[in-house]
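So you can see what is in the structure, the chains are spelled out below.
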Amino acid sequence: MTPAGVAQARTTAPDLASEGRLTGAFLLVAILALFGGIVTGVAQALEHAGINLYPWMAPLIQSYYHGLTVHGVLNVLVWTTFFIAGFLPFLTARSLGRPLASRALGWATFWLMTGGLLLAAVPLLGNAASVMFTFYPPLKAHWAFYVGLTLVVAGTWLVTLNLALTRAAFKREHPHARTPLPAFMALATFAMWSIASLGLAAEMLFMLIPWSLGWVTGTDPLLARVLFWFSGHPIVYFWLLPAYISWYTLVPRQAGGKLFSDPMARASFLLFLVLSTPLGFHHQYTDPGIHQGWKMLHGFLTFTVFFPSLLTFFNVVASLENGARARGGTGWVAWFGRLPWGDPSVAAQVLAMILFAFGGIGGLINASLSVNLVVHNTAWIPGHLHLTVGTAVTLTFMGITYWLVPMLRGRQLWSVRLAQASVWLWFGGMIIFSNALHRLGLMGMPRRTMIGAAPYVQPEWQAVLPLVAIGGSILFVSGLLYFANMLLTVVASRVPYEADVPFAEALSSAEHAPALFERWRPWLALAAVLIVLAYGPVLLRLAVTTPFDAPGFRVW
Ligand code: HEM
Ligand SMILES: [Cu+2]
């Protein structure tokens, strides 16, 4: 039996070194961004406990809100997007056993995205775009910030194109083969994002860019927010699905077992493709100008995406159990201890899954129309998002780099023990940090606020705020160990690394999936129909009635 991830017809290994270099370039940008994200993060955490580092960070970081914007942009827009744009094409090429359809397009994509990033970085670092990573108008940033980010998004569309062309070439070469699972999932992820990012593109091209260039005088906060969240909810799946791809197609093998069900994995990704986008109003429950009925519909649809999440949960846990039992694990729960905890890549990803379960539970609270009012815009929200994108995604990506960077470099990881320390510190630090933020949120402490300068700090917050700083500092140390390990692996490690990508076999293989799963058009059409139903009437009304008369503000 061939591993599920590898094309069956593959005979001789083609030279995929060029794909490796491209991935390395994306990872370099991603990891540098994460470094900046972590430095700004610890300053925020310490500030909450009364330790103000900002005077020392000037002129690089000129205020808490300048730093917070850099933190959000580097972490969730740059680290994630560049990692994903590097990792998924690599996985696709390896699992199909063929090069990308166009290597030139691959490099053009990299330079377009990096060029966009550099353009956006000038106003971002220069404090001319301190509008948070959500850039809600009427806050007004320098035009280069909007144009640069738009180029990054355009780059992700080119990744989709390259993946689709690569799959088409594979299908021509192997007309009867099922698309191997990693390539299938990578394409589903990028297809979903390419649809979802249209909202962001529309907001940028028709509203923010002309407005920041002075071509139009006014804008509209509500329409901008609707377009932003059209992309802003599914972007969380754009971050998460690549982590799921690792959990489904690689971790089972790393854990010594097999994926429980390949067809079920495909089903969950097709559901994400269809359901991820028509839900964005759950971020706008408190916004005026959208009828409650639409908010309720989006709230309901939000609970439908919980279903493929549960499919993922059961499938991945069953696969882990399969691995642990193959390693001699027994009992209902005790098998868990038999996972290969000594492998930092596995440890990172399993711990990421554990914290993600709590992120998911909190997410159900956020998604509930009425309960949301308790947590809206409080510290609960960053508490939640550090469990999800800040751990489920980030710790998983770190876990992936523990094998991927050695593979790309051809040298073993500098230190397994350093990696272990980093992984467990992130896990422990995040429990303290995130729990503190959740509790502070329930006590009404606002997010996006320089708490040390707030005149309304409550005595009961005072008891919990030091935990934000303690947890945040542990996370910071974990991050430093991670960067040191990556750097030393690249520059100082001498022992050759020879393993291949750890693609997992499946207990129930792709041949058991319905033929409909190999077709894309019906799923894309269904996704489009749901979007039109859930967004069409509201967008149409706003587009027709919005006066575009809000002036811009620079409040910093
Ligand atoms: C050393 C690690 C980190 C620390 C200490 C840290 C700390 C913080 C703190 C204290 C806040 C709340 C700021 C406020 O609401 O005023 C925050 C916000 C945020 N963090 Fe982190 N963080 C870290 C890593 C990360 C990572 C890895 C990610 C994602 C990949 C992330 C994503 C975010 C986002 C999206 C926000 C919200 C920004 C906004 O409201 O505009 N953080 N962080
Ligand atoms: Cu959402």
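Here the residue index of a chain counts from 1 through its sequence in written order. Labels follow written order: the first chain is A, the first ligand is 1, and so on. Whole-chain, interface and lining totals are the exception, using all residues; otherwise, since this is a predicted model, local features are given only for residues with pLDDT of at least 70 and side-chain atom pairs are given and counted only at 80 or more. Note that the side-chain values use all heavy atoms of the structure and ignore hydrogens as well as water.

Asks: Before we go on, may I ask you to explain unusual backbone geometry in this structure?
Replies: With an omega of 0°, the peptide bond between Ala58 and Pro59 qualifies as cis. Mapped onto the elements, Pro59 comes out in the loop between α2 (54–57) and α3 (64–96). For the bond running from Pro137 to Pro138, omega is 15°, close enough to zero to count as cis. Numbering goes from the N terminus for both helices and strands, where a helix is a DSSP run of H or I of at least four residues and a strand is a run of E of at least two. Looking at the element boundaries, Pro138 is found in the loop between α4 (103–125) and α5 (143–173). For Asn127, which is not glycine, the phi torsion reads 60° and is therefore positive.

Asks: Just to check I follow, could you spell out the site of ligand 1 for this structure?
Replies: Around ligand 1, the structure places 25 residues, and the nearest of them are Tyr64, His71, His386, Arg447 and Arg448. The definition of a polar contact used here is a pair of N or O atoms within 3.5 Å, where within protein one atom must be able to donate a hydrogen and the other to accept one, and adjacent residues in sequence count solely through side-chain atom pairs. In this structure, an oxygen atom belonging to ligand 1 sits 2.8 Å away from a side-chain N or O atom of Arg447. For ligand 1, an oxygen atom lies 2.7 Å from a polar atom in the backbone of Arg448. Looking at the shell around ligand 1, the elements that each hand over two or more residues are α1 (17–48), α3, α15 (380–409) and α17 (459–491). Element by element, the count of residues in the shell around ligand 1 is highest for α3, at 6 residues. Each residue gets one label: Ala, Val, Leu, Ile, Met, Phe, Trp, Tyr, Cys and Pro are nonpolar, Asp, Glu, Lys and Arg are charged, and the others, such as Gly, are polar. Of the residues assigned to the shell around ligand 1, the class counts are 14 nonpolar, 9 polar and 2 charged. Residues are classed as near a molecule or strand on a simple rule: at least one heavy atom within 4 Å of it.

Asks: What am I meant to see in the coordination of the copper ion (ligand 2) here?
Replies: In an ideal tetrahedron of four donors about a metal, each angle is 109.5 degrees. In an ideal octahedron of six donors, the angles are 90 or 180 degrees. The donor definition counts N, O and S atoms within 2.8 Å of each metal and applies 3.2 Å to Na, K and Ca; water is not among these atoms, so some sites may look incomplete. Taken together, His233 (ND1), His282 (NE2) and His283 (NE2) make up the full set of protein donors to the copper ion (ligand 2), lying 1.9 to 2.0 Å away. Taken in sequence order, the residues that donate to the copper ion (ligand 2) follow the motif H-x48-H-H. With His233 in the loop between α8 (221–232) and α9 (234–249) and His282 in the loop between α11 (262–275) and α12 (292–326), this pair connects stretches of sequence that are 49 residues apart.

Asks: Help me out: how do you make sense of the packing of helix α16 (residues 416–442) against α17 in this one?
Replies: For any two helices packed against each other, the geometry is given by the interaxial angle and the distance between the axes. Taken N-terminus to C-terminus, the directions of α16 and α17 make an angle of 155°; their axes are 7 Å apart at the nearest point. The orientation of α16 relative to α17 falls into the category roughly antiparallel. Judged by the twist between their axes, the crossing of α16 over α17 is left-handed. Taken together, the residues of the contact of α16 with α17 sort by class into 21 nonpolar, 7 polar and 1 charged. Fitted lines through C-alpha atoms give the axes, limited to the stretch in contact for helices. The angle between two N-to-C directions lies from 0 to 180 degrees. The scheme is simple: roughly parallel for angles under 35 degrees, roughly antiparallel for over 145, roughly perpendicular for 65 to 115, oblique for anything else. When the near helix sits turned anticlockwise from the far one by under a right angle, the crossing is termed left-handed; a clockwise turn instead gives a right-handed crossing.

Asks: Even after reading the chapter, I still don't get the environment of Gly472, so can you show me in this structure?
Replies: Here Gly472 shows up in helix α17. Think of it in three bands: with a 1.4 Å probe and only protein chains considered, a residue is buried below 20% of the maximum accessible area for its type, exposed above 50%, and partly exposed in between. We classify Gly472 as buried; its relative accessible area is 7%. The spacing of Gly472 and Ala43 is 429 residues in sequence and 8.7 Å in space, taken between C-alpha atoms. Two residues form a contact once any of their heavy atoms are found within 4.5 Å. Among residues more than four places away in sequence, those in contact with Gly472 are Val42, Ala45 and Phe433.

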